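Topology and contacts: notes
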Amino acid sequence: MGQETIYFGRFVSAPTPDELLIRTGAVLVDSKNGKGVITKADWTIDGPNGAVSKFGVEAPVVMPKDNGFFFPGFIDTHIHASQYPNVGIFGKSTLLDWLTTYTFPLESSFGNVNSPMYKDSIEPPDPLARAKKVYNRLINRTLAHGTTTASYYATIHVEATNLLAEIAFKKGQRAYIGRVCMDRPETCPDYYRDESTEQTMANTKASIDYCRSLDPSGELLAHIITPRFAPSCLPETLTQLGALAKEEDLRVQTHISENLNEVKLVKELFPEQKSYADVYDHHGLLTPKTILAHAVHLSKEEMRLVKERKVKVSHCPASNSALGSGFCPVRELLDEGIEVGLGTDVSGGYSTSILDAVRNACMVSRHVGFLNEGDSRYNLGVAEALWLGTMGGAKVVGMEGRLGGFAEGMLWDVQEINLGDVDVRGQGGDTDVDIFGWENWEERVAKWVWNGDERNVRRVWIGGKLVHERR
Ligand SMILES: *[C@@H]1O[C@H](CO)[C@@H](O)[C@H](O)[C@H]1NC(C)=O
Ligand SMILES: [Zn+2]
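Residues numbered from 1 in each chain as written. Chains lettered and ligands numbered in written order. Predicted model: local features only at pLDDT ≥ 70, side-chain atom pairs only at ≥ 80, totals over all residues. Heavy atoms only, no water.

1. As for the site of ligand 1
Around ligand 1, the neighbouring residues are Arg137, Asn140 and Lys171. In the environment of ligand 1, an oxygen atom lies 2.6 Å from a nitrogen or oxygen atom belonging to the side chain of Arg137. In the complex, the protein chains occlude 38% of the 360 Å² of accessible area that ligand 1 would expose alone. (Near = heavy atom within 4 Å. Polar contact = N/O pair within 3.5 Å; in protein donor to acceptor, adjacent residues only side chain to side chain. Areas by Shrake-Rupley, 256 points an atom, 1.4 Å probe, with all protein chains shown as cover.)

As structure tokens, this is what we get:
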């Protein structure tokens, strides 16, 4: 294998919320240090041979098909890997009953042979075999959708969480792995919680150590400290997790203000604190490396606190609609100066695809606009939603300037998108995106956003390494 590769062809990206950048040219990717960094980019080169002579290297040239283009890999800033088998299974539930009916039984089955999920099972329970099956499938699935970076929630179990880390690392996905922390007896079931603050901390440290043993640099794989949400943790646990995040300089992820009953519950459980955001702040969990999922019902004051602490928000529109949680006012968050990315929130969200999250973000924003006197200022456009799913996500996971575009110095975490041509007989390709030929490139990208899926993702690279190829 050579150490350098040239990518030539059409490159599409969303470096700003306002417009798509659509260019042809070439980039040179250097994998000598194992990282796969773009060392040169040239937007004047008009052919593969030109690229070789311009860059002055004898490197292989990789090109998309005629109707194809390179696009930055998607960043899923919030996904529960362990919940993947439950996608689409939520009935008419809302957050709190969804957790007890569907989620805790499934998650517990990754480490507890007495999980309610095994009650009627004929086979003897094998939690790790189950975890392996689910995690292998899920990572294949997210890679096939062009997700090059994901911030995962696993379960409370150290062994199964470490297995997720190992599988993601082996498959080459950039991943932040969270062992879920939950130990407050009033809010967590007996069959699924850590026994004490001490146990929560010891288990979290074991998972941190394991992630570090796989990737000491933390570039491709790192642990992310993951209190499930404020109600599920003892106050002392929240304090110690905040201190640990600071000590170890690690990312933090949790949920905030997803659902109104949840907001009420937090008020009851934490009467001393002014607000939900204040609960996290009080425990030292609002840091520039913190990702808060949802943020649907934040007050203006909470938004200002989130902004002040440089905390990031993961917007999960499909989940918010599926569980009837509400409409996240993304425009207001952005106006406040808060950095926002997209999350699938599987399995509150029914899809592992960030492209689907892009669509749903567009849709939900229009409902927000309607509720604000039909003001289209709230609407997110195609470019803006793609920006959230790439550049926005890069900021949310602390990789701004490294992910989300094609600038020199950025990592080659990229998907090759292929669109279908309608031929002279009027027959199309084997995807849902039919290109007739007269559409301009902006229109073609819009058609991909609204009707595209994994069939349009031909190849995926992470850190310069090919990690998925569609056959
Ligand atoms: C995942 O993808 C790899 C590589 O394409 C394949 O060999 C493997 O069978 C897949 N596993 C699952 C569980 O989908
Ligand atoms: Zn979630």
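The rest of the description comes next.
2. Section: the pattern of salt bridges
Evaluated as defined, the whole model comprises 25 salt bridges. Residue Asp249 is joined to Lys289 by a salt bridge in which the shortest nitrogen-to-oxygen separation is 3.4 Å. Taken together, the residues span a long stretch of sequence, with Asp249 in the loop between α6 (235-248) and β11 (251-256) and Lys289 in the loop between α8 (276-282) and β12 (290-294) at a distance of 40 residues. Overall, the relative accessible area of 32% leaves Lys289 in the partly exposed class. (Salt bridge = Lys/Arg side-chain N within 4 Å of Asp/Glu carboxyl O. Helix = DSSP H or I, 4+ residues; strand = E, 2+ residues; numbered from the N terminus. Buried < 20%, exposed > 50% of the residue type's maximum accessible area, 1.4 Å probe, protein only.)

3. Brief notes about the packing of aromatic side chains
Applying the stated criterion across every chain, the model contains 21 aromatic pairs. Ring geometry for Phe11 versus Trp412: centroids 6.4 Å apart, planes at 70°, classification edge-to-face. On the criterion of sequence distance, the pair formed by Phe11 in strand β1 (residues 4-13) and Trp412 in the loop between α13 (382-396) and β15 (414-418) is long-range, its members being 401 residues apart. Accessibility assignment for this pair places Phe11 and Trp412 in one class, buried. For the pair Phe74 and Trp448, a centre-to-centre distance of 6.1 Å together with 10° between the ring planes defines the contact as stacked. Here Phe74 is found in strand β6 (residues 74-80), whereas its partner Trp448 is found in helix α14 (residues 441-451), with 374 residues between them in sequence. Across the pair, Trp448 and Phe74 agree in class, each one buried. Put simply, the rings of Tyr7, Phe11, Trp43, Phe70, Phe406, Trp412 and Trp461 touch in pairs and so form one group of aromatic residues. For the cation-ring pair, Arg23 lies above Trp43, with the distance from its terminal atom to the ring centre recorded as 3.8 Å. (Phe/Tyr/Trp six-rings, centres within 6.5 Å; stacked < 30°, edge-to-face > 60°. Lys NZ or Arg CZ within 6 Å of the ring centre and 35° of its normal.)

4. So, the nonpolar core
In this structure, Phe69, Tyr135, Tyr152, Tyr280, Leu386 and Trp448 are the most contacted members of the largest nonpolar core, which totals 110 residues. Ranked by residues supplied to this core, first place goes to α13 with 7 residues. A domain-level breakdown of this core finds at least three residues from each of domain 1 (4-73 + 404-469) and domain 2 (74-397). Once residues lying within four places of it in the same chain are set aside, the contact partners of Phe69 are Arg10, Val12, Pro64, Gln415, Glu416, Ile417, Leu419, Trp441, Val445 and Trp448. (Core = buried A, V, L, I, M, F, W, Y, C linked by side-chain atoms within 4.5 Å. Domains from an automatic or database assignment. Contact = heavy atoms within 4.5 Å.)

5. Side note on the side chain of Ser353
By the element assignment, Ser353 lies in the loop between β14 (340-342) and α12 (354-371). Of the polar contacts made by the side chain of Ser353, one reaches the backbone nitrogen of Leu355; its length is 3.1 Å.

6. A look at the UniProt feature "domain: Amidohydrolase-related" (unreviewed entry) in the protein chain
According to UniProt, the feature "domain: Amidohydrolase-related" (unreviewed entry) maps to residues 71-467 in the numbering used here. In the segment residues 71-467, helix accounts for 40% and strand for 17%; the C-alpha atoms at its two ends are 15 Å apart. (UniProt positions renumbered as here; feature names shortened; annotations may be inferred.)

7. Describing α12
For α12, with 18 residues, the first-to-last C-alpha span of 25 Å sits near the 26 Å given by 1.5 Å per residue. At the N-terminal end of α12, a side-chain oxygen is found 3.1 Å from the backbone nitrogen of Leu355, two or three residues along, and the residue is Ser353. (Expected span 1.5 Å × (residues − 1).)

8. Describing the domain arrangement of the protein chain
We note that the domain assignment places domain 1 (4-73 + 404-469) and domain 2 (74-397) within the protein chain. Averaged C-alpha coordinates put domain 1 and domain 2 at centres separated by 30 Å. Each side of the interface is counted separately: domain 1 has 34 residues, and domain 2 has 28 residues. Between domain 1 and domain 2 the total buried area reaches about 2500 Å² when both faces are included, carbon and sulfur atoms providing 67% of it. Where domain 1 packs against domain 2, one counts 2 salt bridges. Between Glu454 and Arg141 there is a salt bridge; the shortest N-O distance is 2.6 Å. Linking domain 1 with domain 2 are 5 residue pairs in polar contact (both at pLDDT 80 or more). Looking at the side of domain 1 that touches domain 2, the elements with two or more residues in it are β5 (68-72), β15, α14, β18 (457-462) and β19 (465-469). Ranked by the residues each element gives to the side of domain 1 that touches domain 2, the list is headed by α14, at 6 residues. (Buried area = accessible area lost by both parts, 1.4 Å probe.)

9. Overview of the coordination of the zinc ion (ligand 2)
Taken together, His78 (NE2), His80 (NE2), His255 (NE2) and Asp345 (OD) make up the full set of protein donors to the zinc ion (ligand 2), lying 2.1 to 2.3 Å away. Taken in sequence order, the residues that donate to the zinc ion (ligand 2) follow the motif H-x1-H-x174-H-x89-D. Taken together, the positions of His80 in strand β6 and His255 in strand β11 put the pair 175 residues apart, joining distant regions of the chain. The same class applies to His80 and to His255, which are both buried. (Donors = N, O, S within 2.8 Å, 3.2 Å for Na, K, Ca; no water.)

10. A few points about unusual backbone geometry
The peptide bond linking Val346 to Ser347 adopts the cis configuration, its omega dihedral lying at 5°. Within the fold, Ser347 resides in the loop between β14 and α12. Despite not being glycine, Ala295 has its phi angle at roughly 50°, a positive value. Structurally, Ala295 is set in the loop between β12 and α9 (300-308).

11. Section: a negative patch on the surface
A contiguous patch of negative charge, built from Asp18, Glu19, Glu442 and Glu443, is present on the exposed surface. In this structure, Glu443 sits in helix α14. By relative accessible area, which is 40% here, Glu443 ends up partly exposed. (Patch = residues over 30% accessible without salt bridge, like charges linked within 9 Å, V, L, I, M, F, W, Y side chains within 5 Å. Lys, Arg positive; Asp, Glu negative; His and termini not counted. Charge placed at Lys NZ, Arg CZ, Asp CG, Glu CD.)

12. A word on the state of the cysteines
All told, the structure shown has 0 disulfides when counted by the stated rule. Summary of cysteine pairing: Cys211 is not part of a disulfide, and the nearest cysteine sulfur, belonging to Cys181, is at 13 Å. Accessibility expressed as a relative area gives 2% for Cys211, which makes it buried. (Disulfide = S-S within 2.5 Å.)

13. Things to note about the pairing of β12
Buried residues dominate β12, accounting for 5 of its 5 residues. Across 5 bridges, β11 lies against β12 in parallel orientation. Directly across from Ile256, in β12, lies its bridge partner His294. With 3 bridges joining them, β12 and strand β13 (residues 312-315) adopt parallel strand pairing. Note that in β13 the partner of Leu292 across the bridge is Val313. Of the crossover connections in this fold, the one passing from β12 over α9 to the parallel β13 is right-handed. (Pairing = 2+ DSSP bridges. Right-handed = clockwise from strand over helix to strand, strands pointing away.)

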